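Each chain, written out:
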Amino acid sequence: MALAKYELVVHKFAGGRFDDHGLHVDVLPDLLAYKNILIEPAKELWRSKHPERQRLPKNFEDSLSLKFYTIQPGSAAIPLFREVEAPESLFPREPDELDEAVEVVTDTIEAVGEDRALPDALPKNVIPLFENYGKTLRPDERIELKPATRSKITRYSSKERERLARLVGTSYEDIVELTGEIRAADLDGSNFALKLADGTKILGKFSPEQETLITDVLREHAQRWLHVKGRAEFFPNGQMK
């Protein structure tokens, strides 16, 4: 199967040192930070589409590689490309998780800039990664993002970065799906402990209507696992409480 190259997003450095349309090598870490920010949403998007799969496909992260071949004339703009295996077809390639991750990250930056709630599709453990994105920017500089699917430019500066940094220091809630073995249950307190495949133990609560289910699975814990979908509380670093 042949490799096809296509543009994912244009990443432009603007203002300050970039007014002469030159690109300082000092800002290259921001490109790597941007890629790292895309990877986690891409993983979560894949998992949401494949709830029956416990593991990501082999070499999943390797398939999310980005390349740039040139800096656009007249600006410090870098078109970021992907190479993907593409069968010969008359139909356009279907967007995958990395394409969708670009949209989610762009929506996140726009929401922060407009002081709106962050998109639900953004995994909350991505927020701390923004600390390294835009770290090289000076107060009069910014990053301008233009995904291939959009005509509008999204601006990211120290203002958006600082707003995201303030969110890192707070706990948050998010929807999760977990599968594991029930190791304990407290019927008086309506609590149970779920042991995940990696050995992590998570405490949860159940309703009176779920008591029979909990006790049945606990009784047969060696043969039966429980699948849970609910709202979990997380520490600022993304670890579940």
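Preceding block: the structure.
Residues numbered from 1 in each chain as written. Predicted model: local features only at pLDDT ≥ 70, side-chain atom pairs only at ≥ 80, totals over all residues. Heavy atoms only, no water.

## Concerning the nonpolar core
Judged by nonpolar contacts, the single largest core of 40 residues is most densely connected at Phe 13, Tyr 34, Phe 130 and Tyr 133. Contributions of two or more residues to this core are made by β1 (3-15), α1 (28-49), β2 (76-85), α2 (97-113) and β3 (141-147). Those residues within four positions of Phe 13 in sequence are excluded, and the remaining contacts are Phe 18, Leu 23, Val 27, Asp 30, Leu 31, Ala 76, Ile 78, Leu 137, Arg 142 and Ile 143. Counting residues in hydrophobic clusters, the runner-up holds 15 residues, among them Tyr 172, Leu 178, Ile 202 and Leu 226. (Core = buried A, V, L, I, M, F, W, Y, C linked by side-chain atoms within 4.5 Å. Buried < 20%, exposed > 50% of the residue type's maximum accessible area, 1.4 Å probe, protein only. Helix = DSSP H or I, 4+ residues; strand = E, 2+ residues; numbered from the N terminus. Contact = heavy atoms within 4.5 Å.)

## Topic: the pattern of salt bridges
Tallied over the full model, the rule gives 21 salt bridges. Of the charged contacts in the structure, one is a salt bridge between Arg 47 and Glu 44, with a shortest N-O distance of 2.6 Å. Taken together, the residues span about one helical turn, with Arg 47 and Glu 44 both in helix α1 at a distance of three residues. Judged by relative accessible area, which is 36%, Arg 47 ranks as partly exposed. Residue classification places Glu 44 among the partly exposed residues on the basis of a relative accessible area of 33%. Overlapping salt bridges, with partners in common, bring together Glu 103, Asp 107, Glu 110, Arg 150 and Lys 152 in one network. (Salt bridge = Lys/Arg side-chain N within 4 Å of Asp/Glu carboxyl O.)

## Examining the sheet that holds β1
The strand order across the open sheet formed by four strands is β2-β1-β3-β4, and the pairing between neighbours is antiparallel. Looking along the sheet, the strands with just one partner apiece sit at the ends: β2 and β4 (154-156). Averaged over all pairs of adjacent strands, the angle between their axes in this sheet comes to 25°, without regard to strand direction. Bridge count between β3 and β4: three bridges; the pairing is antiparallel. Opposite Ile 143, over in β4, you have Tyr 156 as the bridge partner. Along the sheet, α1 makes contact with β1, β2 and β3, crossing β1 at roughly 125°. (Pairing = 2+ DSSP bridges. Axes fitted to C-alpha atoms, helices over the stretch in contact; angles between N-to-C directions.)

## Structural notes on the layout of surface pockets
Put simply, the largest pocket is a space of about 1600 Å³. Along its surface, the largest pocket is lined by 37 residues, and Glu 44, Arg 47, Val 176, Glu 177 and Leu 178 are the ones closest to its centre. Looking at the lining of the largest pocket, the elements with two or more residues in it are α1, β5 (172-186), β7 (201-205) and β8 (226-234). Ranked by the residues each element gives to the lining of the largest pocket, the list is headed by β5, at seven residues. Among the residues making up the lining of the largest pocket, the classes are represented as 16 nonpolar, nine polar and twelve charged. As a volume, the second largest pocket reaches approximately 400 Å³. Within the residue set of the lining of the second largest pocket, elements represented by two or more residues are β5, β6 (191-196), β7, α4 (211-219) and β8. A total of eight residues in the lining of the second largest pocket trace back to one element, the largest contributor, which is β8. Residue classes in the lining of the second largest pocket are distributed as 13 nonpolar, four polar and five charged. (1 Å grid on protein atoms, 1.4 Å probe; cavity = no way out; pocket = protein on both sides within 12 Å on 5 of 7 lines; lining within 4 Å. Points joined across faces, edges and corners; volume = space filled by probe spheres on them. Nonpolar A, V, L, I, M, F, W, Y, C, P; charged D, E, K, R; others polar.)

## Things to note about the packing of α1 against α2
Between α1 and α2, whose axes approach to 8 Å, the crossing angle comes to 115°. Crossing of α1 against α2: the hand is right-handed. Residue-level inspection shows Tyr 34, Ile 37, Leu 38, Pro 41, Ala 42, Leu 45, Trp 46 and Lys 49 of α1 in contact with α2, the latter providing Glu 97, Leu 98, Glu 100, Ala 101, Val 102 and Val 105. Of the residues assigned to the contact of α1 with α2, the class counts are eleven nonpolar, no polar and three charged. (Left-handed = near helix turned anticlockwise from the far one by under 90°.)

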